[in-house]
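# Overview (structure and organization)
So you can see what is in the structure, the chains are spelled out below.
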Amino acid sequence: DQQVKQNSPSLSVQEGRISILNCDYTNSMFDYFLWYKKYPAEGPTFLISISSIKDKNEDGRFTVFLNKSAKHLSLHIVPSQPGDSAVYFCAASVWSGGSNYKLTFGKGTLLTVNP
Amino acid sequence: DAGVIQSPRHEVTEMGQEVTLRCKPISGHNSLFWYRQTMMRGLELLIYFNNNVPIDDSGMPEDRFSAKMPNASFSTLKIQPSEPRDSAVYFCASSPSDPEEQFFGPGTRLTVL
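A few points on the structure. (Residues numbered from 1 in each chain as written. Chains lettered and ligands numbered in written order. Predicted model: local features only at pLDDT ≥ 70, side-chain atom pairs only at ≥ 80, totals over all residues. Heavy atoms only, no water.)

This paragraph deals with the overall build of chain B. Assigned secondary structure in chain B consists of zero helices and eleven strands. Here chain B has a C-alpha radius of gyration of 13 Å; the compact-globule value for 113 residues is 13 Å, and the two agree. Counting only C-alpha atoms and orienting by the principal axes, one finds that chain B spans roughly 40 × 25 × 25 Å. When burial is assessed residue by residue, chain B has 50% of its 113 residues classed as buried. Of all intrachain contacts in chain B linking residues separated by at least 6 positions in sequence, the fraction that spans at least 24 positions is 53%. (Helix = DSSP H or I, 4+ residues; strand = E, 2+ residues; numbered from the N terminus. Rg over C-alpha atoms; globule rule 2.2 N^0.38 Å. Buried < 20%, exposed > 50% of the residue type's maximum accessible area, 1.4 Å probe, protein only. Contact = heavy atoms within 4.5 Å.)

Residue and element names in this part refer to chain B. A large share of strand E5 (residues 42–50) lies buried, amounting to eight of its nine residues. Where strand E4 (residues 31–38) meets E5, eight bridges bridge the pair, whose relative direction is antiparallel. Across the sheet, residue Thr38 finds its bridge partner in E5, namely Gly42. Turn length for the E4-E5 hairpin, with the two strands adjacent in sequence and antiparallel, is three residues. Relative to strand E6 (residues 53–56), E5 runs antiparallel, the two sharing three bridges. Looking at E6, one finds that Tyr48 is bridged to Asp56. Connecting E5 to the next strand, E6, in antiparallel fashion are two residues, including Asn51 with a positive phi near 50°. (Pairing = 2+ DSSP bridges.)

Treat this as a map of the structure, not an account of what it does.
Here it is in structure tokens:
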């Protein structure tokens, strides 16, 4: 049973345009969400997070939107750059519980930004 | 800081052999995690240590897997005996007091023939 789903295995966008990566979750207990970026032969690196008390968090070119009623979050990258080409993982945890360390990851979306 | 260090980066072994993966967390981080990444199951948490004590090992697949953290700067994940289905990339991650921001190592790609 996959509690965090990234239904698009890959996404291709043109440099300078917006990239939108989507993530759905099924566990209503999740209240903290993160995005990680992964380059080949490297480990995932933390990108941005959002708590369930917010619906938007912005950091430079990266913005994460959370729609709790739809159990959906998205990562927007504007403008997209070739260096953004990587696999993006969505992750979720139950912050308010005793197991807030436990991140449940989606399977990732490969983003390719074409020059 | 050098970040989380894992060794070896690649390991190829034969079925039935013992495999030991090593991890050095970032200095000062209290939490350490071992993950496994496969195509079928994605990135899964195997075990979590806090202050060198195993807190949650519910993700360890079976008794063939064991993990230790003898001190704050070193952890091992051992598979004995190894099987072809153990082939995967194994990541170690550490975090400071805020457990959400986990810092991952580069991973060990394990191939069991």
